[in-house]
Amino acid sequence: MMLAEKYLTENLRKTLNGVQAECGFKLADVIRSGHENPDSNIGAYAGDADCYVKFSALFDPIIAEYHSFPSDSEHRGDIQPLDSLTIPNLDPDNAQILSTRIRVARNIEGVDFPPAITANARLELERRILRVLNNLKGEFAGSYHSLANMTEETQKQLTQSHFLFKKGDRFLDSAGVNRDWPNGRGIFYTSDKTFLVWVNEEDHLRIISMQQGGGLANVYERLRQGLEKINEQVPFARSHRLGYLSSCPTNLGTAMRASVHIKLPRLGQRRDFGKLCNQLQLSVRGIHGEHSKSENGIWDISNKQRLGITEVECIEILYSGLEKLIRLEENG
Ligand code: ADP
Ligand code: CIR
């Protein structure tokens, strides 16, 4: 059952009626995506940091259930270096893992999140972020490509190769994230496309590190360093209790999704495959991102929980879950 529906009792609806967050979001705005898409898992989005305060009576139980994070707990993330000895390459022969990607979502402190931001504020933010990105040096230096100036062909090619986002699906559309598309959106990447930043998609920033094969520790370390360079120049929206704040409550805390594209032709056909991954604290997606399908037995497997655990723990959960999946795939 959709979590927004599950926790929005008649009494709570009455309590929250008339409540308004600083961005102007009322209850109807927060739950519009779930209302218009009854098959939502969550069904609620935040228009700014204040939504998590003003509508906490709704968000808190949703967050508690999704992240197994009791409402009286505090996030304890802090992006520390990883001990690469504990996370060796799971697939050194590149037999099963095609590629590894880790992204974090970030929003800029004091600016409305994509579900609520105005067209002008979005453009202004794009300019501000560009100044930050153009300042990156060495292995993080790259170039920015605005969506508005991109040919359809390039856009298609970058999306097919898993680098660029698609226009938001119906869930994001209802949340208000697609307004004024494609203005103010774009992608920054290094020449080898191993460090990328999405600008003004579901969150102000999606900071991404990716490469071919299963080198999880390498991908993590590149992300950690690049993220630090960006954060030296711009403050991220963060709360003591919920960690980094994102438009969708599933991305709070570390806001980290570490994933691999992995071949699991046998296991992926099992009827209990989704359940099995869930038990391992893993999420399953198709190979073109959320709400897409698997192709040729290849799946996108990632850490499910992002809040209440550290970034290193996100990686460890993915690592040990993948070890089990690989063993099961081989031995049935
Ligand atoms: P997000 O990861 O930002 O939540 P999506 O699930 O939509 O969003 O994925 C974004 C893009 O990243 C998609 O094109 C998806 O195929 C690609 N992607 C995700 N994980 C990997 C991976 N391990 N290797 C290559 N591409 C990936
Ligand atoms: C939903 O509620 O299903 C969409 N708004 C997407 C939520 C995040 N993704 C997910 O739970 N798999």
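Residues numbered from 1 in each chain as written. Chains lettered and ligands numbered in written order. Predicted model: local features only at pLDDT ≥ 70, side-chain atom pairs only at ≥ 80, totals over all residues. Heavy atoms only, no water.

**Student:** So what exactly am I meant to see when it comes to the domain arrangement of the chain here?
**Tutor:** Bring the parts together and some accessible area is lost; that lost area is often taken as the interface size. Taken as a whole, the chain is organised into domain 1 (3-67) and domain 2 (256-332). Measuring from the centre of the C-alpha atoms in domain 1 to the corresponding centre in domain 2 gives 28 Å. (Domains from an automatic or database assignment.)

**Student:** Just checking my understanding: could you explain unusual backbone geometry for this structure?
**Tutor:** Comment: phi is negative for the bulk of residues other than glycine, and the bulk of peptide bonds are trans. Looking along the chain, the bond that leaves Trp 181 and enters Pro 182 is cis, with omega of 0°. Here Pro 182 lies in the loop between α9 (170-175) and β3 (186-189). Despite not being glycine, Asn 94 shows a phi value in the positive range, around 55°. For Asn 94, the position within the fold is in the loop between α6 (56-67) and β1 (97-106). (Helix = DSSP H or I, 4+ residues; strand = E, 2+ residues; numbered from the N terminus.)

**Student:** Would you mind going over the side chain of Ser 302 with me for this structure?
**Tutor:** Take Ser 302: it is sitting in strand β10 (residues 298-303). The exposure class of Ser 302 is buried, given its relative accessible area of 0%. Polar contacts involving the side chain of Ser 302 include one to the side chain of Arg 257, which spans 3.0 Å. Apart from residues no more than four positions distant in its own chain, Ser 302 is found in contact with Arg 257, Ala 258, Ser 259, Gln 281, Leu 282, Ser 283 and Leu 318. (Buried < 20%, exposed > 50% of the residue type's maximum accessible area, 1.4 Å probe, protein only. Polar contact = N/O pair within 3.5 Å; in protein donor to acceptor, adjacent residues only side chain to side chain. Contact = heavy atoms within 4.5 Å.)

**Student:** What is the right way to read the nonpolar core from this model?
**Tutor:** Nonpolar side chains tend toward joint burial in soluble globular proteins. In terms of nonpolar packing, the biggest core is built from 56 residues, with Ile 207, Ile 230 and Ile 301 touching the most fellow members. Among the elements that take part in this core, helix α12 (residues 311-331) stands out by supplying 8 residues, more than any other. Non-local contacts of Ile 207, meaning those with residues more than four positions away in its chain, are made with Ile 102, Arg 103, Val 104, Arg 106, Phe 195, Leu 196, Val 197, Leu 223, Leu 227, Ile 230 and Phe 236. Counting residues in hydrophobic clusters, the runner-up holds 32 residues, among them Cys 23, Val 30, Ile 31 and Phe 59. (Core = buried A, V, L, I, M, F, W, Y, C linked by side-chain atoms within 4.5 Å.)

**Student:** What's the story with the site of ligand 1 in this structure? I'm lost.
**Tutor:** Taken together, 18 residues lie around ligand 1, and Ser 99, Arg 101, Ser 259, Arg 285 and Ile 287 are the ones closest in. Side-chain polar atom of His 162 to an oxygen atom of ligand 1: 2.9 Å apart, as the coordinates give it. Contacts to ligand 1 include Arg 257, whose side-chain N or O atom sits 2.9 Å from an oxygen atom. Protein coverage of the free-state accessible area of ligand 1, which is 560 Å², stands at 92%. (Near = heavy atom within 4 Å. Areas by Shrake-Rupley, 256 points an atom, 1.4 Å probe, with all protein chains shown as cover.)

**Student:** What is the right way to look at the packing of aromatic side chains in this model?
**Tutor:** Centre-to-centre distance and the angle between the planes together describe a pair of aromatic rings. Applying the stated criterion across every chain yields a total of 6 aromatic pairs. An angle of 70° between the planes, with centres 4.9 Å apart, marks the rings of Phe 140 and Phe 195 as edge-to-face. With Phe 140 in the loop between α7 (119-133) and β2 (143-146) and Phe 195 in strand β4 (residues 195-199), this pair connects stretches of sequence that are 55 residues apart. Like Phe 140, the residue Phe 195 is buried in the burial classification. Both rings, one in Phe 165 and one in Trp 181, keep their centres 6.0 Å apart while their planes meet at 80°; by these two values the pair is edge-to-face. (Phe/Tyr/Trp six-rings, centres within 6.5 Å; stacked < 30°, edge-to-face > 60°.)

**Student:** Could you clarify how one ought to interpret α12 in this entry?
**Tutor:** At 3.6 residues per turn, the α-helix brings residues three or four places apart onto the same side. With 21 residues, α12 extends 31 Å between its outermost C-alpha atoms, agreeing within 8% with the 30 Å of an ideal straight helix rising 1.5 Å per residue. Among the residues making up α12, those that are buried are Glu 311, Val 312, Cys 314, Ile 315, Leu 318, Tyr 319, Gly 321, Leu 322, Leu 325, Ile 326 and Glu 329. Elements that come into contact with the buried residues of α12 comprise β1, α10 (216-231), β8 (256-263), α11 (273-279), β9 (282-285) and β10. Directly after α12, the chain includes Gly 332, whose backbone phi takes a positive value near 75°. (Expected span 1.5 Å × (residues − 1).)

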